[in-house]
Structures are given as structure tokens and as C-alpha cells.
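Residues per chain, in single letters:
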Amino acid sequence: MFLRRVALPLIGRLQGMPVSPTLRALEQSQWWSLERLRALQLDRLRRLADHAYAQVPLYRRLWDAHGVQPQDIRCLDDLARLPLLDKATLRAAYPDSALAANVDRSQLVRYASSGSTGEPLQFVMTRAEKGQRWAVMFRSWAMAGVYQGMRAANVKDGHALGVFRSGPLQRLEQQATRMLNLSAYAVHDHRLDQVVSDLVGFRPEVMFAYPGTAYHLAVALTERRVELPLHAVITSGEMLHPFQRQAIEHQFHCPVHDYYGGEGMDVAMQCGVGSTYHINAESVIVEVVGADGQPVPTGQEGSIVLTNLHAYAMPFIRYVVGDVGALAAGQCACGRGLPLLDHVAGRSSDQLTLPSGRSLIMWYFTDVFRQMPGVESFQMRQVAPDRIVVLVAPGPAFGYLPANEGQRATGGPHDLGAFVGLDAALQFLRQRLEEQVRGEAALDIALVESIPLGPGGKHRFFVDERKETGFFPKNPVSGGAFP
Ligand SMILES: [Zn+2]
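Sequence order sets the numbering: in each chain, residues are counted from 1 along the sequence as written. Side-chain atom pairs in this predicted model are given and counted only at pLDDT of 80 or more, local residue features only at pLDDT of at least 70, and totals for whole chains, interfaces and linings cover all residues.

Trainee: Any chance you could explain the overall build of the protein chain here in plain terms?
Mentor: Runs of H or I in DSSP of at least four residues are treated as helices and runs of E of at least two as strands, each being numbered from the N terminus. Check the secondary structure of the protein chain and you find 13 helices and 21 strands. As a rule, residues whose C-beta atom has 12 or fewer other C-beta atoms within 10 Å are exposed, those with 20 or more are buried, and those in between are partly exposed; C-beta atoms are placed from the backbone. By the burial criterion, 43% of the 483 residues in the protein chain qualify as buried. A separation of at least 24 residues holds for 66% of the contacts in the protein chain among residues at least 6 apart in sequence. The contact criterion used here is simple: two residues whose C-beta atoms, placed from the backbone, lie within 7 Å are in contact.

Trainee: Can you walk me through helix α4 (residues 57-66) in this structure?
Mentor: Because each turn of an α-helix spans 3.6 residues, side chains separated by three or four positions in sequence point in the same direction. Every buried residue belonging to α4 is among Leu58, Tyr59, Leu62 and Trp63, and all of these are buried. For α4, the angular spread of buried residues about the axis comes to 110 degrees, placing them on one side. Counted as exposed and oriented over 90 degrees from the buried face of α4: Asp64 and Ala65. In the core, the buried residues of α4 are packed alongside α3 (34-55) and α5 (87-93). Gly67 sits one or two residues past α4 and shows a positive phi near 70 degrees. When we speak of the arc, we mean the arc of directions from the helix axis to the C-beta atoms.

Trainee: For this particular structure, what's the right way to read the sheet that holds strand β4 (residues 179-183)?
Mentor: Two orientations exist for strands paired in a sheet by backbone hydrogen bonds: parallel and antiparallel. The sheet built from 11 strands is open, its strands ordered β4-β3-β5-β6-β7-β8-β9-β13-β12-β11-β10 with mixed pairing. Across the chains shown, the open sheet's two edge strands, defined by having one partner strand only, are β4 and β10 (284-289). Neighbour-to-neighbour, the strand axes of the sheet open up by a mean angle of 35 degrees, direction not taken into account. Pairing between strands is defined by DSSP: at least two bridges between them are needed. Sheet analysis places β10 next to strand β11 (residues 302-308), joined by six bridges and oriented antiparallel. Residue pairing for β11: Ile285 is matched across the bridge by Thr307. Only the stretch in contact is used when fitting a helix axis, every axis being a line fitted to C-alpha atoms; angles between N-to-C directions are given from 0 to 180 degrees.

Trainee: Explain unusual backbone geometry to me, please; I cannot follow it from the model alone.
Mentor: It is generally the case that most residues other than glycine have a negative phi and that most peptide bonds are trans. The omega torsion of the bond from Tyr94 to Pro95 falls at 0 degrees, within 30 degrees of zero and hence cis. Looking at where Pro95 falls in the secondary structure, it is placed in the loop between α5 and β1 (108-113). A positive phi angle is found at Arg438, which is not glycine, with a value near 50 degrees. Tracing the chain through its elements places Arg438 in the loop between α13 (422-437) and β20 (442-447). For Arg438, a count of 11 C-beta atoms within 10 Å translates into the label exposed.

Trainee: Which parts of the structure should I look at to understand the sheet that holds strand β21 (residues 462-464)?
Mentor: Ordered by their spatial adjacency, four strands build an open sheet running β20-β17-β16-β21, and the pairing between neighbours is mixed. The sheet is open, and its two edges are formed by β20 and β21, each paired on a single side. Taken pair by pair, the neighbouring strands of this sheet meet at an average axis angle of 20 degrees, ignoring direction. As paired strands, strand β16 (residues 375-384) and β21 are joined by three bridges and run parallel to one another. Along β21, the bridge assignment pairs Arg381 with Val463.

Structure follows, in C-alpha cells:
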């Protein structure tokens with residue numbers, strides 16, 4: 001609490017960002033009724049739309065071409081009258097047409113999203129907007145019982161590394177900030193033993209990591225019989241699969257709270273009471289639209305569309321972020337009034353389309369691999385419409401069938417059934433995958449030592465080789481999510 005009352009305002013003052021008053025307001029408003037939150041959203045949306053139309057050439061051009069104006073927004077449903085904005089259009093408009101004419105450019109903080117394929121998206125926000133973003137982030141952490149000042153291990157991509165990379169100064173920095181920054185890449189290569197020893201030595205209370213990274217660490221600690229109980233694990237940055245959650249919670253003896261965000265927006269967080277995500281409604285509007293661009297009924301899956309109510313320097317209005325998900329009706333049992341996101345099913349680019357036109361989202365396959373013991377990681381690579389290469393990185397337990405086959409395993413990552421050997425295990429895996437593909441494509445299964453990580457140190461379950469544009473750009477520098 002000391003850190004919360006003293007350190008947080010201090011950080012805010014040093015950075016010129018008023019975090020604390022916004023955080024206090026957010027801690028109140030999360031308990032408001034949905035109706036009251038919706039009224040706040042409408043108010044903020046109308047102000048934002050007026051601003052975007054008057055100051056941002058991109059929106060004036062798009063909305064004029066579409067025959068809509070800010071005054072057409074009379075209720076929240078009217079948001080759907082505005083055109084959708086895709087990444088390519090926004091990237092082409094950046095910076096001159098995407099930035100507000102009246103923004104003081106000397107006050108801007110630059111960001112780049114790592115993007116799961118191709119070019120990263122560059123974007124900016126003012127220091128004040130960054131402060132608001134932090135406040136939203138801190139409120140989300142608080143839902144998981146995590147506060148500024150707790151000892152935290154942050155296992156993400158390179159940007160989150162501290163100022164000092166090694167030696168006594170690095171240790172001093174870690175002690176002062178109570179934050180151990182580790183590279184997600186190191187978890188997946190020869191530095192894993194060092195990562196494990198650093199983690200254990202630091203004694204974190206909470207860990208922030210990509211789901212794939214946290215899962216890999218959970219498996220590594222289980223194998224080494226190392227106990228590291230935590231208060232919470234907060235995952236973000238890629239899809240959290242049920243098998244990963246199960247293994248992470250089992251190893252670290254704590255709940256996993258998944259956090260969803262994108263392009264500078266802190267969108268939603270799991271409070272842990274239900275499985276749904278609380279949308280940060282004061283700062284973002286989440287819509288889910290179908291293939292026709294129209295909002296789909298609550299509960300139905302579609303493309304996630306985000307509107308950032310706090311971004312005035314570079315507005316994001318009806319931005320198609322590239323994820324598939326669904327909204328949920330009703331209220332969480334925790335009592336918060338914030339609207340709910342039911343789930344995120346992955347990147348919309350994370351789906352395999354078969355020659356018949358049938359699409360399979362990676363969710364189907366992760367479930368197959370989850371039930372298979374000894375699979376450390378996998379990747380499906382579509383090399384032709386009717387040909388899929390499946391890379392499997394086997395661990396020591398590969399060769400066993402799943403225990404309680406067909407049921408959900410409950411004993412963590414090593415719930416083993418009968419030992420059948422490598423060939424029979426591969427055959428079992430093949431059968432399971434073919435049940436999904438149903439003869440529409442040939443499956444080549446290859447055992448590999450490890451699977452290279454994608455941009456930003458994230459694991460990719462699916463790669464469409466036909467859409468790959470060669471080597472990825474070097475990991476962009478993003479304005480770290482952590483103070
Ligand atoms: Zn809740």
C-alpha cells in the first residue's frame with residue numbers, strides 16, 4: 001500500500017502523467033451500472049468523433065466518403081454507422097493523415113505493435129494519454145490482486161528489459177524496481193536454465209508473460225521439480241489455450257488472469273471469478289462484427305473491432321484489430337458493472353482454410369495437442385491449400401498415450417497413459433488431426449527439436465506459408481507497457 005500511495009504519484013509526476021486521479025476514478029466506475037457506463041461511453045464517443053472529424057484528415061475523408069458525420073451518433077448503436085478501419089488503411093495514413101492536426105508533436109510517445117505477421121503498426125500517443133493507459137492497466141492488475149510494488153517477473157520481448165543487462169548494476173536495478181525483466185526468447189533456447197535460476201533467486205510474487213512462455217516455464221519447472229508458488233500469473237499478447245492455463249496454474253499454485261489488448265489499448269481483463277473478461281469500458285468500446293461488417297448478436301463469434309475513447313493524438317475508431325472473439329451478455333458474479341468479453345479465439349489470420357472453404361481455427365488443434373502427453377510445442381504450417389506440415393517438438397514424455405483419454409486431464413502437463421512408443425504416439429496424433437481435417441488436406445508430421453518464435457518472442461501455432469513475406473522485421477521497439 002505504501003508503494004501505491006507514494007510511489008505511484010511519484011512515478012506519475014516524474015513522467016508528467018497524472019496516473020493516480022484517473023486510477024481512483026476507474027476504481028469507482030468499475031462498480032457502476034452498465035447503463036451508467038454506457039452513458040459515459042456515449043458522451044466520450046461523441047466528443048472523440050467531433051474531434052476526429054475536425055482534426056484528423058483520415059477520418060474526415062473516410063466518413064465523408066461514407067456519408068456520415070459525427071452528429072449522426074445519437075446512441076451507442078449509431079457507432080455502427082461509421083465505417084470500419086483496417087490496419088492497411090491506417091498504416092498508409094500514418095503519420096500525416098492519421099494524426100490530429102492540433103496535437104503538439106513534441107509531446108508524443110511512439111509505439112509499434114509487433115504484429116503477428118508482416119509489418120508492425122506504428123502509432124503514437126501523448127504523455128497524458130499514456131498516463132490514462134497506465135491507470136487502466138493498474139486497475140486491471142488490481143482485479144488479479146496485483147499492485148504496483150509487488151515483486152514481479154516480466155518475461156516478454158526485448159523491449160521490457162531493464163537499463164542494465166548484466167552484473168551488479170542490473171541486480172541493483174531489479175531490487176529498486178522490484179521487477180525482474182527476462183527475455184521470452186531466453187525461455188525457449190539454451191538460456192532456459194539461467195532463466196530458471198534467475199527466477200528462483202528473485203522470488204517473484206507475480207509473473208507477467210505470454211501464455212506460450214509461461215507454459216514453457218511451467219513445464220521446465222515441473223521437470224526440474226522446482227517449486228515457485230506465485231500470487232498470480234498475468235498472461236497477455238497471444239491466445240491463452242486451456243491446456244496452457246491448466247499447466248501454469250498447476251505449477252505456480254495460483255490463478256492465471258488473461259489480459260487482452262492491442263495497438264495501445266488495454267481492452268479487457270479476467271477478474272478470476274468467471275471465465276469472461278471485463279472490458280475497460282471507460283476507455284474502449286468493443287464491437288464484434290460478422291463478415292458483412294455488421295455487429296453480430298452477443299455471444300456469436302466475429303471479428304473484434306475497437307474504438308479507443310482516450311486516443312486523441314492518433315484516434316482509433318472502429319479499428320479492426322485482427323482478432324476473432326465474442327461478447328458475453330449479463331454481469332460477472334464479482335459485481336462489477338463493466339461489460340463482458342466472452343473469449344478471444346485467436347488472430348483471424350490464425351485459421352486454416354481447407355479447399356472446400358471450411359475454416360479451422362487453431363483452437364481445434366490446440367485441444368488435440370493439449371491431450372497428447374509430451375508435446376512441448378507444435379506449429380501447423382499450411383504450404384498449399386491441400387497440404388499441411390505439422391511441426392512437433394517432443395519432450396521426454398512423448399511416446400505415451402493420454403491418461404483418461406477423451407476426458408480433460410487435470411493433473412498438469414504430465415498426465416500419462418500407456419507407453420506405446422514413438423511411432424504409435426505419432427499415429428495416434430495423426431488420427432486425431434485427421435478427424436479435424438477430414439481428408440481435405442495431406443498432413444506431414446515432422447518431429448523437430450524446437451520451433452522458432454515469431455516476432456516479439458511470441459509463439460505461433462499457425463503459419464500460412466503462402467502469405468509469408470520472407471524474414472520478419474527485427475523486433476520493433478515498443479513503448480514498454482511497464483513503468
Ligand atoms: Zn468479475
